[in-house]
Amino acid sequence: MEKLLTLKEVSELLQVNERTIHRLLQSGKIPASKVGNQWRFHPAQIEIWLLNGGENTKGLFPSPALTEERWQEEEAFQLFAPERVRLDVQPETVEEAIQCLVSIMVDTGHLLQGEIYTQAVLERERISSTGIGNGVALPHGWHPINDLFRVPLVACARFARPVDFKAVDGKPVDLAFLFCSPRGRHHLHLLRSLSLLASNASILADLRTAKTASDFLAPLTAGLAVI
């Protein structure tokens, strides 16, 4: 059985106080179950709830304009960059796919603790698949491992042969985006934004036919700008 989260763990994950979680429970606005007299939360259900907007998108996530302004203060910050794209790589398993993505972060100097982060991402994958459908996966670690990063960064990979991530729609994955971010609400906002991009058939078609890393990133950056 997958490990259930306590009320305290959920409040830390969402970075809100426990009174807020109690309010959401009382109004039936957050998925939970009672075990005896204690509330317990399934981690995959909480993540799906967040990706679909939670109680109120404006309340849980900062607006794109605010996050954009904050991130522009980082001189070298780019969520996507050509050096963090690998096209037509050939992993055979989910483990190899994630190792490939993490190695991008190591090779570009954004991550020193590659082995530790790989294990954190694999552990998240064991809890529930990050294959969100349409041949796309969004592997990522959970707090506090994300504090290995100073700003949000994404490593992108297109696989020559699809890999079985046990995705929600049963389809194998040929596009994967490793989302690396320090803890904060913008982590959740960007994860949700990437999931919206991954549901756009036109963007997916462009990603699958891109010839260069720059071509691959063009529809992603354009799509993110209008979300």
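The model shown is predicted, which means the values in this text are computed figures rather than measured ones. (Residues numbered from 1 in each chain as written. Predicted model: local features only at pLDDT ≥ 70, side-chain atom pairs only at ≥ 80, totals over all residues. Heavy atoms only, no water.)

**Description of the overall build of the protein chain**
So, point 1. Of the regular secondary structure elements, the protein chain holds 10 helices and seven strands.
So, point 2. A burial count over the protein chain gives 47% of its 227 residues as buried.
So, point 3. Split by element, the accessible area of the protein chain, about 11,500 Å² in all, is 51% carbon and sulfur. (Helix = DSSP H or I, 4+ residues; strand = E, 2+ residues; numbered from the N terminus. Buried < 20%, exposed > 50% of the residue type's maximum accessible area, 1.4 Å probe, protein only. Areas by Shrake-Rupley, 256 points an atom, 1.4 Å probe, with all protein chains shown as cover.)

**Re the pairing of strand S7 (residues 173–180)**
Two faces, one strand: in a regular strand the side chains alternate between the faces of the sheet.
So, point 1. Burial of S7 is extensive: eight of the eight residues sit out of reach of the surface.
So, point 2. When strand S5 (residues 136–137) meets S7, the two strands line up parallel, connected through two bridges. Looking at S7, one finds that Ala137 is bridged to Ala176.
So, point 3. Bridge count for strand S6 (residues 153–163) against S7 is seven bridges, and the pairing is antiparallel. (Pairing = 2+ DSSP bridges.)

**Thoughts on the packing of helix H6 (residues 94–107) against helix H7 (residues 114–127)**
So, point 1. Where H6 contacts H7, the two axes come as close as 10 Å, and the packing angle between them is 140°. As summarised for this structure, H6 and H7 are arranged oblique, according to the angle between their axes. Judged by the twist between their axes, the crossing of H6 over H7 is right-handed. Contacts between H6 and H7 involve Val94, Glu95, Ile98, Gln99, Val102 and Val106 from the former and Gly114, Tyr117, Thr118, Val121, Leu122 and Glu125 from the latter.
So, point 2. Along the lines of polarity and charge, the residues of the contact of H6 with H7 split into seven nonpolar, three polar and two charged. (Axes fitted to C-alpha atoms, helices over the stretch in contact; angles between N-to-C directions. Parallel < 35°, antiparallel > 145°, perpendicular 65-115°, else oblique. Left-handed = near helix turned anticlockwise from the far one by under 90°. Contact = heavy atoms within 4.5 Å. Nonpolar A, V, L, I, M, F, W, Y, C, P; charged D, E, K, R; others polar.)

**What to know about the environment of Asp206**
So, point 1. Looking at the element boundaries, Asp206 is found in helix H9 (residues 201–209).
So, point 2. Between the C-alpha atoms of Asp206 and Phe216, which are 10 residues apart in sequence, the distance is 7.2 Å.

**Here we look at the confidence of the model for the protein chain**
So, point 1. Mean pLDDT over the protein chain: 82, with 81% of residues reaching 70 or higher.
So, point 2. Low confidence marks residues 57–76, where pLDDT is under 50. Its contacts with residues over four positions away, or in another chain, come to 28 contacts. (pLDDT = per-residue confidence, 0-100.)

**Description of helix H1 (residues 7–14)**
So, point 1. Within the sequence span of H1, burial applies to Leu7, Val10, Ser11 and Leu14. One side of H1 carries all its buried residues, which in axial view fall inside an arc of 100°.
So, point 2. Once H1 ends, the next one or two residues include Gln15, with phi positive near 60°. (Arc of directions from axis to C-beta.)

**Observations regarding the nonpolar core**
So, point 1. Core analysis: the biggest nonpolar cluster contains 26 residues, and Leu101, Met105, Tyr117, Phe149, Phe159, Phe165 and Leu178 have the highest contact counts within it.
So, point 2. Looking at this core, the elements with two or more residues in it are H6, H7, S6 and S7.
So, point 3. The greatest single-element share of this core, amounting to eight residues, is contributed by H6. (Core = buried A, V, L, I, M, F, W, Y, C linked by side-chain atoms within 4.5 Å.)

**Examining the packing of H1 against helix H2 (residues 18–26)**
So, point 1. Packing of H1 against H2 leaves a shortest axis separation of 9 Å and a crossing angle of 105°. On the basis of their axis angle, the class for H1 and H2 is roughly perpendicular. Only Glu18, Ile21, His22 and Leu25 of H2 make contact with H1, whose side of the interface consists of Leu7, Lys8, Val10, Ser11 and Leu14.
So, point 2. Grouping the constituent residues of the contact of H1 with H2 by class yields five nonpolar, two polar and two charged.

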